[in-house]
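A look at the structure
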Amino acid sequence: MKNLIAILFLSLHLCSLLNFSIAGRSSIASGVSGFANPSVTLRSSRHLLAEDSKISLEEHLRNLEELSKGYMTNSDLENAIMAFNRRCSSISRVYSIGKSVEGVPLWVMEISDKPGKQEAEPAFKFIGNVHGDEPVGRELLMLLANWICDNYMKDPLATLIVDNVHLHILPSMNPDGFQKRRRVNANNIDLNRDFPDQFFPMNDDHGLRQPETKAIMSWMEGIHFTASASLHGGALVANYPWDGTEDKKKYYFACPDDETFRYIGSLYSHHHRNMSLSTEFPEGITNGAHWYPIYGGMQDWNYIHAGCFELTLEISDNKWPNATELPTLWEYNKMSMLHLVASVVKAGIHGKIFSSDHGKPLPASIAIKGINYTIKAGETFADYHRLLAPGNNYEVVATMPGYKSKSTHIILGEEAMTVDFILDPVIANADDGFLQKSWDNNFLPWWQSKLFIMILILTFLCILRRRLLNRSKHRQNAGLKRPQL
Ligand SMILES: *[C@@H]1O[C@H](CO)[C@@H](O)[C@H](O)[C@H]1NC(C)=O
Ligand SMILES: *[C@@H]1O[C@H](CO)[C@@H](O)[C@H](O)[C@H]1NC(C)=O
Ligand SMILES: [Zn+2]
């Protein structure tokens, strides 16, 4: 038994010698974020449903038909998506995430140098036309997809996005509402009120959920998005969580990542031609609940349940601007859209987590000290991508059941940082290499338990061999009359 313990000590000590850790590969001089100062003096309220009540409904519909001239119909949109895919087949793929109430496929374009393949890269999604009567987004998203396709290998942002991001674009989440020129879907449900809410249970029954909402929710089970944006109309502002308050009152209600969201919201508004010049919304951004609280929205759900940082972008005061204005609106939003997508590569922290004993990728959890929010690394490559406001110090903590947590301090500058982790199993202590009191832990990685059994067998064989040798020596000794000299 002494032998066994000695061998175990030796092998564990050898194991622990192999343990090491890296963290915080680069640290760029910190700069002060240009977009500080949260706005706390917003005064207006949203007036999205304000219609001119003086005109008759028929007249209103006729006006809408007039306004929708020059916009793609649903079948135009489908054709445009398929044409895009044919034209850019090497860097795109088209798939459907489900169907609307009236059976219209919800087509998504994925843009990447390896579309449809899993890579250790962040994913971003754009969703347009959540509200049927807000059609500018679906038009701009088609322009965006085509622009990236045309500028891949020519423009640095387009190239960066194709090479390093999986960009998924759903131009229309609500084709039925669009067809009817109205906000709600074919079942009269506002899709941006149909998600599970963090405070109120009204949407908790999955069976009652709209097919469009269900499609989005199951889409996000399959793909882990780092960030996203949905496109709306009726105002000009980048809206960020929280959208709802616990008591239904209207006030600034900050989510744990308030600073991160103000950073990415400002990234959008400042790259936009004139969003940041808003007199209504300082910096062109707003906390949703401060503007007006909503419940069952898609944005908060993304952040809470999907580890995805979503903005709600109001991209034009007029919901149905004349179609001749669409190229201008595209120019106004183009750099914002590109920079927002690129931010999942160019900002925040990124890395992978491995186990120290066999190098296996560990889908660990990553948290930032002081921010009550956790993201999970990918299952396959254990890569994580976490947006954070630049110009701050952070303590990054990696946690994985069965492993010792590790944390590292970083100074995040204007550029993204790589922060990798190598975690040690709880059984070995990386610091001094001595056996911990870990036999109490009933956790043993599979290979260690195998090793244990092997050592046990080897030890048994050793003992057996020695005994046999001893016995035969004895016999030999007994057979000799006198010792050989
Ligand atoms: C931005 O430009 C558009 C189009 O010129 C204009 O309608 C809108 O009022 C401007 N908004 C701000 C905040 O300057
Ligand atoms: C952290 O957030 C969770 C919800 O995600 C909440 O239940 C918990 O109370 C929060 N903890 C602190 C310390 O605020
Ligand atoms: Zn909307």
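Just so we're clear, the structure is a prediction, and the values are computed from it rather than from any experiment.

1. Observations concerning the state of the cysteines
- On inspection of all chains with the given rule, the structure shows one disulfide.
- Here Cys88 connects covalently by a disulfide to Cys149, the sulfurs 1.7 Å from one another. Across the S-S bond linking Cys88 and Cys149, the dihedral sits near -95°, which makes this disulfide left-handed. A residue pair is termed long-range when its members are at least 10 positions apart, and Cys88 in the loop between helix 3 (74–87) and strand 1 (92–99) and Cys149 in helix 4 (residues 136–151) qualify at 61 residues. In terms of burial, Cys88 and Cys149 fall into one category: buried.

2. Regarding the coordination of the zinc ion (ligand 3)
- Around the zinc ion (ligand 3), the protein contributes the donor atoms His131 (ND1), Glu134 (OE), Glu134 (OE) and His232 (ND1), which lie 2.0 to 2.7 Å from the metal centre.
- Each of the four donor atoms bound to the zinc ion (ligand 3) contributes to angles spanning 54 to 152°, and the resulting shape is irregular.
- Donor residues for the zinc ion (ligand 3) sit on one chain with the sequence pattern H-x2-E-x97-H. With Glu134 in the loop between strand 3 (123–127) and helix 4 and His232 in strand 5 (residues 227–232), this pair connects stretches of sequence that are 98 residues apart.
- Using a relative accessible area of 2% as the deciding quantity, one classes Glu134 as buried.

3. With respect to the packing of helix 8 (residues 258–271) against helix 11 (residues 326–346)
- Taken N-terminus to C-terminus, the directions of helix 8 and helix 11 make an angle of 150°; their axes are 7 Å apart at the nearest point. In terms of axis orientation, helix 8 runs roughly antiparallel to helix 11. The way helix 8 lies across helix 11 gives a crossing that is right-handed. Contact residues: Ile264, Leu267, Tyr268 and His271 in helix 8; Tyr332, Asn333, Met335, Ser336, Met337, His339, Leu340 and Ser343 in helix 11.
- Here the contact of helix 8 with helix 11 is built from residues that sort into seven nonpolar, five polar and no charged.

4. Side note on the layout of surface pockets
- Of the pockets and cavities examined, the largest pocket occupies roughly 810 Å³.
- Taken together, 37 residues make up the lining of the largest pocket; nearest its centre are Gly222, Ile223, His224, Phe225 and Gly378.
- Elements represented by at least two residues in the lining of the largest pocket include exactly strand 4 (166–170), helix 7 (211–222), helix 10 (298–306), strand 11 (371–376) and strand 12 (383–386).
- In terms of residue count, the dominant contributor to the lining of the largest pocket is helix 10 (five residues).
- Here the lining of the largest pocket is composed, by residue class, of 15 nonpolar, 13 polar and nine charged.
- Structurally, the lining of the largest pocket is a two-domain feature, drawing no fewer than three residues from each of domain 1 (74–346) and domain 2 (349–423).

5. A closer look at the sheet that holds strand 14 (residues 406–412)
- The four strands are arranged 11-10-13-14 in an open sheet whose pairing can be described as antiparallel. At either end of the open sheet lies a strand with only one pairing partner, and these are strand 11 and strand 14. Geometrically, the sheet is characterised by an average inter-axis angle of 25° between neighbouring strands, direction not taken into account.
- As defined by bridge partners, strand 10 (residues 365–368) adjoins strand 11 across four bridges and the pair is classed as antiparallel. When the bridges of strand 11 are listed, Ser365 appears paired with Lys376.

6. Quick look at the nonpolar core
- Core analysis: the largest hydrophobic core is formed by 89 residues, its most contacted members being Phe124, Phe126, Ile148, Ile349 and Tyr384.
- Residue assignment places this core across two domains, with domain 1 (74–346) and domain 2 (349–423) each supplying three or more.
- Judged by nonpolar contacts, the second largest core, of 22 residues, contains Ile216, Met220, Ile223 and Trp301.

7. Looking at helix 5 (residues 156–164)
- All of the buried residues along helix 5 are Leu157, Ala158, Thr159, Ile161 and Val162.
- For helix 5, the elements touching its buried residues are strand 2 (105–111), helix 4, strand 4 and helix 11.
- Taking the backbone nitrogen of Leu157 as reference, a side-chain oxygen 2.8 Å away marks Asp155 as the first, capping residue of helix 5.

8. A short note on the confidence of the model for the chain
- For the chain, the mean per-residue pLDDT works out to 85, and 78% of the residues sit at or above 70.
- Residue range residues 1–52 is modelled with pLDDT below 50. Its contacts to residues more than four positions away, or to other chains, number 100 contacts.
- Every residue in residues 473–485 is under pLDDT 50, and counting partners more than four places away or in other chains gives zero contacts.

9. Description of the packing of aromatic side chains
- Enumeration according to the criterion identifies 18 aromatic pairs in this entry.
- Relative to Trp291, the ring of Phe281 lies with its centre 5.0 Å away and its plane at 75°, an arrangement referred to as edge-to-face. With Phe281 in the loop between helix 8 and strand 7 (285–287) and Trp291 in helix 9 (residues 288–291), the pair connects residues that are ten residues apart, well separated along the chain. For the pair Phe281 and Trp291, a shared accessibility class is recorded, and that class is buried.
- Ring geometry for Trp291 and Tyr292: centres 5.7 Å apart, planes at 65°, overall edge-to-face.

About the cut-offs
Residues numbered from 1 in each chain as written. Chains lettered and ligands numbered in written order. Predicted model: local features only at pLDDT ≥ 70, side-chain atom pairs only at ≥ 80, totals over all residues. Heavy atoms only, no water. Disulfide = S-S within 2.5 Å. Helix = DSSP H or I, 4+ residues; strand = E, 2+ residues; numbered from the N terminus. Buried < 20%, exposed > 50% of the residue type's maximum accessible area, 1.4 Å probe, protein only. Donors = N, O, S within 2.8 Å, 3.2 Å for Na, K, Ca; no water. Tetrahedral: all angles 85-135°; square planar, octahedral: opposite > 155°, others 65-115°. Axes fitted to C-alpha atoms, helices over the stretch in contact; angles between N-to-C directions. Parallel < 35°, antiparallel > 145°, perpendicular 65-115°, else oblique. Left-handed = near helix turned anticlockwise from the far one by under 90°. Contact = heavy atoms within 4.5 Å. Nonpolar A, V, L, I, M, F, W, Y, C, P; charged D, E, K, R; others polar. 1 Å grid on protein atoms, 1.4 Å probe; cavity = no way out; pocket = protein on both sides within 12 Å on 5 of 7 lines; lining within 4 Å. Points joined across faces, edges and corners; volume = space filled by probe spheres on them. Domains from an automatic or database assignment. Pairing = 2+ DSSP bridges. Core = buried A, V, L, I, M, F, W, Y, C linked by side-chain atoms within 4.5 Å. Polar contact = N/O pair within 3.5 Å; in protein donor to acceptor, adjacent residues only side chain to side chain. pLDDT = per-residue confidence, 0-100. Phe/Tyr/Trp six-rings, centres within 6.5 Å; stacked < 30°, edge-to-face > 60°.

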